[in-house]
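# Observations on the model geometry
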Amino acid sequence: MSVVVLKDKCIGCKLCVPACPYNAIEVVDRKAIIKDNCTGCGACVTSCKKDAIISEGQKAGQSNLNQYQGVWVFAEQREGRLADVAIELLGEGRKLADQLGQKLAAVLLGDEVESLAGQLFAFGADRVYLAQDPILKHYRTEAYATVVADLAQAEKPAIVLYGATHVGRDLAPRVTRRLRTGLTADCTELDIDNESGLLLQTRPAFGGSIMATIVCPNHRPQMATVRPGVFSKPEKVEGRKGEIVTVPVKIAEKDIRTTILEVVKEAKQGANLEEASVIVAGGRGIGNAEKFKLLDEVARLLGGEVAASRAAVEAGWLGPERQVGQTGKTVRPKLYIACGISGAIQHRAGMQGSEVIVAINKDPNAPIFTIADYGIVADVHEILPILKEELARLKDEDQGEVA
Ligand SMILES: Cc1cc2nc3c(=O)[nH]c(=O)nc-3n(C[C@H](O)[C@H](O)[C@H](O)COP(=O)(O)OP(=O)(O)OC[C@H]3O[C@@H](n4cnc5c(N)ncnc54)[C@H](O)[C@@H]3O)c2cc1C
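Now for a description of the structure that goes with this document.

Rules used throughout
Residues numbered from 1 in each chain as written. Predicted model: local features only at pLDDT ≥ 70, side-chain atom pairs only at ≥ 80, totals over all residues. Heavy atoms only, no water. Helix = DSSP H or I, 4+ residues; strand = E, 2+ residues; numbered from the N terminus. Contact = heavy atoms within 4.5 Å. Areas by Shrake-Rupley, 256 points an atom, 1.4 Å probe, with all protein chains shown as cover. Lys, Arg positive; Asp, Glu negative; His and termini not counted. Charge placed at Lys NZ, Arg CZ, Asp CG, Glu CD. Pairing = 2+ DSSP bridges. Axes fitted to C-alpha atoms, helices over the stretch in contact; angles between N-to-C directions. Near = heavy atom within 4 Å. Polar contact = N/O pair within 3.5 Å; in protein donor to acceptor, adjacent residues only side chain to side chain. Nonpolar A, V, L, I, M, F, W, Y, C, P; charged D, E, K, R; others polar. Core = buried A, V, L, I, M, F, W, Y, C linked by side-chain atoms within 4.5 Å. Buried < 20%, exposed > 50% of the residue type's maximum accessible area, 1.4 Å probe, protein only. Phe/Tyr/Trp six-rings, centres within 6.5 Å; stacked < 30°, edge-to-face > 60°. Expected span 1.5 Å × (residues − 1). Arc of directions from axis to C-beta. Salt bridge = Lys/Arg side-chain N within 4 Å of Asp/Glu carboxyl O.

Below, the discussion takes up the overall build of the protein. Summing up its helical and strand segments, the protein has 11 helices and 21 strands in all. Seen through its principal axes, the protein has C-alpha atoms that stretch 85 × 50 × 40 Å. Restricting to contacts in the protein with at least 6 residues of sequence separation, those with at least 24 account for 60%. Split by element, the accessible area of the protein, about 20900 Å² in all, is 50% carbon and sulfur. Charge centroids of the protein, computed over 49 positive and 52 negative side chains, lie 7 Å from each other.

Right under this line is the structure:
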């Protein structure tokens, strides 16, 4: 039986045909025909300009959607250490769950990882779904996707959040496909719509020129990934308690097509920008790789790290691991000094959460000044040597006092 009903008003204009993701509509003799593979997703309803389609399935679906309750965070861990982004997401998930008046759960997979549950409660989870088995010791797509998708199918969460790490970026789309729902990648803002209760998922779109807010009205769970560093970590409440729900792991080694032979740790290139409390970043205005050395010296004097815009990375002046922005790292240091960086939206996306932003640029109209707390309109090559000299002098004075 068709789950979509056509009214007599249908004029066979065919707008609904390309709108249907399931190829379930055709137009014959200026009348739409709904085929048996219609799922009632309602995509055709919104495409119809004549109000000639009602989706019964969509109506039924809407009431089914109410069964989906709660906010979940995928609690990514490696070798028994929680990923920072999992903690950041617990903070944001807590806010969303409170807005909805629902529970926040963490989904923890691994081998002998139960001891992490206490941390998940302390960072805001009400419940931890714990799937422990040697088969889950290392992340493997099929094993993790099966456990998370089966659990979501059984427990019906309204929202699931993942860190946009290598693991999260691999896992989230697989789970999405299995649950036949939607996924918004790399969100920079999450909120709840007061009227509909829908998750508002905001992310840069069209190469970062606009911020798009995306909703998933007809399918559940609503799923999003968020890059590390976008949200700050919540306060830890030691001793906060919650409920542990043990999840049976029903997959067998023979069902998994990959085997981990060896885990090779990548040699760490420089420091972790996401954890630096001071960052001195340079852009095209720095001019060449040689001149970046001065930035590095200033960064060291401040106990910080040097970073770059994409233009500087593409020029080969610094490695890609030091790029800040939409396609680089998201950082939120206490102090961010932007030197010779114009402040394109894609760069700002990665650093505008910094506590104090200082910009040095010779163009007074450079967009970086719109978000800077302190702006210096000057040639960076004149300012940096003075800054270095002054910092070195202060350091010497400090050392003199200690001696
Ligand atoms: C999909 C997409 C993703 C992107 N991702 C990123 C990203 O992750 N990170 C990123 O940074 N960019 C990213 N970009 C690129 C971004 O749009 C900009 O092109 C880039 O940020 C510009 O880098 P810049 O500010 O160093 O260079 P420019 O825009 O060329 O600016 C150089 C600035 O230096 C100033 N200047 C020049 N000489 C001096 C001087 N002597 N003293 C003081 N100031 C001086 C100029 O006034 C100017 O404002 C992305 C773009 C796209 C389309």
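A few words on the sheet that holds strand β13 (residues 199-205). Strand order in the open sheet formed by 3 strands is β12-β13-β14, and the pairing between neighbours is antiparallel. Unpaired on one side and paired on the other, β12 (189-192) and β14 (210-214) mark the two borders of the sheet. Taken pair by pair, the neighbouring strands of this sheet meet at an average axis angle of 25 degrees, ignoring direction. As paired strands, β12 and β13 are joined by 4 bridges and run antiparallel to one another. Across the sheet, the residue bridging to Ile-192 is Leu-199, located in β13.

Taken together, 26 residues sit near the ligand, with Arg-284, Ser-309, Thr-327, Ser-342 and Asn-361 positioned nearest. One nitrogen or oxygen atom from the main chain of Arg-310 is found 2.9 Å from an oxygen atom belonging to the ligand. Asp-379 has a polar side-chain atom sitting 3.0 Å from a nitrogen atom of the ligand. In isolation the ligand offers 980 Å² of accessible surface; the protein chains occlude 77% of this area. Breaking the shell around the ligand down by element, the ones donating at least two residues are α9 (310-314), α10 (345-348) and α11 (380-402). Here the residues of the shell around the ligand sort into 6 nonpolar, 15 polar and 5 charged.

Attention now goes to the nonpolar core. Ranked by size, the top nonpolar core spans 35 residues in total, and within it Leu-90, Leu-108, Leu-120, Val-128, Leu-161 and Leu-190 carry the most contacts. Those elements that provide at least two residues to this core are β5 (71-74), α4 (84-100), β8 (104-110), α5 (117-122), β9 (127-132), β10 (159-163), β12 and β15 (222-226). By residue number, the principal contributor to this core is α4, which donates 6 residues. When near neighbours in sequence (up to four residues on either side) are disregarded, Val-128 contacts Ala-106, Leu-108, Ala-117, Leu-120, Phe-121, Glu-243, Ile-244 and Val-245. Among the nonpolar cores identified, the runner-up in size contains 29 residues, and Ala-143, Val-148, Val-175 and Ile-256 belong to it.

Glancing now at unusual backbone geometry. The phi angle of most residues is negative, glycine excepted, and most peptide bonds adopt the trans form. Across the junction of Arg-220 and Pro-221, the peptide omega takes the value -5 degrees, indicating a cis bond. Mapped onto the elements of the fold, Pro-221 is located in the loop between β14 and β15. For Lys-156, which is not glycine, the phi dihedral falls at a positive 55 degrees. For Lys-156, the position within the fold is in the loop between α6 (141-155) and β10. The phi dihedral of Arg-180 is positive, around 55 degrees, even though this residue is not glycine.

Moving on, we get to the packing of aromatic side chains. Within the structure shown, the criterion is met by 5 aromatic pairs. With 6.1 Å between their ring centres and 40 degrees between their planes, Phe-74 and Tyr-162 make a pair best called tilted. On the criterion of sequence distance, the pair formed by Phe-74 in strand β5 and Tyr-162 in strand β10 is long-range, its members being 88 residues apart. A relative accessible area of 3% means that Phe-74 is categorised as buried. A centroid spacing of 6.2 Å and a plane angle of 50 degrees characterise the contact between Phe-292 and Trp-317, whose relative ring orientation is tilted. Placement of Phe-292 in helix α8 (residues 289-301) and of Trp-317 in the loop between α9 and β19 (335-339) is noted, with a sequence separation of 25 residues between them. There is no split in this pair, since Phe-292 and Trp-317 are both buried. Aromatic rings pair up to connect Phe-74, Tyr-139, Tyr-144 and Tyr-162 into one cluster.

Attention shifts here to α8. Taking 1.5 Å per residue, 13 residues should reach 18 Å; α8 reaches 19 Å between its end C-alpha atoms and fits that length. Restricting attention to buried positions, one finds in α8 the residues Phe-292, Leu-295, Val-298 and Ala-299. For α8, the angular spread of the buried residues around the axis is 105 degrees, confining them to a single face. Turned more than 90 degrees away from the buried face of α8 sit Glu-290 and Arg-300, all of them exposed. The backbone nitrogen of Glu-290 lies 3.1 Å from a side-chain oxygen of the residue at the head of α8, namely Asn-288. Of the residues flanking the end of α8, it is Gly-303, one or two places downstream, whose phi is positive at about 70 degrees.

What follows is about α4. Side chains three or four residues apart in an α-helix point the same way, a direct result of the helix having 3.6 residues per turn. Taking 1.5 Å of rise per residue, the 17 residues of α4 would be expected to cover 24 Å, and the 25 Å separating its terminal C-alpha atoms lies within 8% of that figure. By the criterion of burial, α4 is predominantly enclosed, with 12 of the 17 residues buried. By the burial criterion, the buried members of α4 are Val-85, Ala-86, Ile-87, Glu-88, Leu-89, Leu-90, Gly-91, Glu-92, Gly-93, Arg-94, Leu-96 and Ala-97. Backbone geometry just after α4 places Gly-101 at a positive phi near 70 degrees.

Counted by the stated rule, this structure contains 23 salt bridges. A salt bridge links Glu-92 to Lys-95, with the shortest nitrogen-to-oxygen separation between them at 3.4 Å. Here Glu-92 pairs with Lys-95, and both are found in helix α4, just 3 residues apart, close to one helical turn. A salt bridge links Lys-236 to Glu-238; its shortest N-O distance comes to 3.7 Å. Its relative accessible area of 39% is what places Lys-236 among the partly exposed residues. Each of Arg-94, Asp-98, Asp-126 and Arg-240 takes part in one network of salt bridges that share partners.

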